[in-house]
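# Residue-level structural notes
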Amino acid sequence: MPNPEYTLLVALSVYRNLSKLGRPKRDRILAFFDQLEESPYGLSHYRENDSAGSPREVTIVGDHAVTYWVDYTDKHVKVLRIESAGT
């Protein structure tokens, strides 16, 4: 992907969880990561606050919820958590 708008940063725990998923699920989430890196605008399904009250974006990808924070100043998307969406 040439010249993405944002830099994607992924928590080590997310990386470890991805490695446990089957290839189709993992590929779907990685495709979503490509979208986030290109432009994170308008991809969130809902917003929740962390323990400090800071907003975090959540997008449902297949049967997983991906939680991330968009740092508009630094042009980073920080993927913080991936977990079952309970679907």
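Quantities reported herein were computed from a predicted structural model and do not represent experimental measurements.

### Re helix 2 (residues 23-38)
Over its 16 residues, helix 2 extends 22 Å from the first C-alpha to the last, a length consistent with the 22 Å expected when each residue adds 1.5 Å. Listed as buried for helix 2 are Ile29, Phe32, Phe33 and Leu36. Taken around the axis of helix 2, the buried residues stretch over an arc of 105°, which confines them to a single face. Looking at helix 2, the residues exposed on the side facing more than 90 degrees away from the buried face are Arg23, Pro24 and Arg28. If you follow the buried residues of helix 2, they end up packed against strand 1 (7-10), helix 1 (12-20), strand 3 (55-61), strand 4 (64-71) and strand 5 (76-84).

### Observations concerning the nonpolar core
If you look at the biggest cluster of nonpolar residues, it comprises 16 residues, and the most contacted ones within it are Phe33, Leu36, Val66, Tyr68 and Val79. When near neighbours in sequence (up to four residues on either side) are disregarded, Tyr68 contacts Phe32, Leu36, Leu43, Ser44, Arg56, Glu57, Val58, Thr59, Val77, Lys78, Val79 and Leu80.

### Observations regarding the sheet that holds strand 2 (residues 46-49)
One open sheet holds the 5 strands; their spatial order is 1-5-4-3-2, and the pairing between them is mixed. Pairing within the sheet leaves two strands with one partner each, and these edge strands are strand 1 and strand 2. Within this sheet the neighbouring strands show an average axis-to-axis angle of 35°, counted without direction. Where strand 2 and strand 3 come together, 4 bridges link them in antiparallel fashion. Counterpart to Glu48 in the pairing with strand 3 is Arg56. Across the sheet, helix 1 is in contact with strand 1 and strand 5; its angle to strand 5 comes to roughly 50°. Helix-sheet contacts for helix 2 involve strand 1, strand 3, strand 4 and strand 5, and the interaxial angle to strand 4 is about 20°.

Cut-offs used in this document
- Residues numbered from 1 in each chain as written.
- Predicted model: local features only at pLDDT ≥ 70, side-chain atom pairs only at ≥ 80, totals over all residues.
- Heavy atoms only, no water.
- Helix = DSSP H or I, 4+ residues; strand = E, 2+ residues; numbered from the N terminus.
- Expected span 1.5 Å × (residues − 1).
- Buried < 20%, exposed > 50% of the residue type's maximum accessible area, 1.4 Å probe, protein only.
- Arc of directions from axis to C-beta.
- Contact = heavy atoms within 4.5 Å.
- Core = buried A, V, L, I, M, F, W, Y, C linked by side-chain atoms within 4.5 Å.
- Pairing = 2+ DSSP bridges.
- Axes fitted to C-alpha atoms, helices over the stretch in contact; angles between N-to-C directions.

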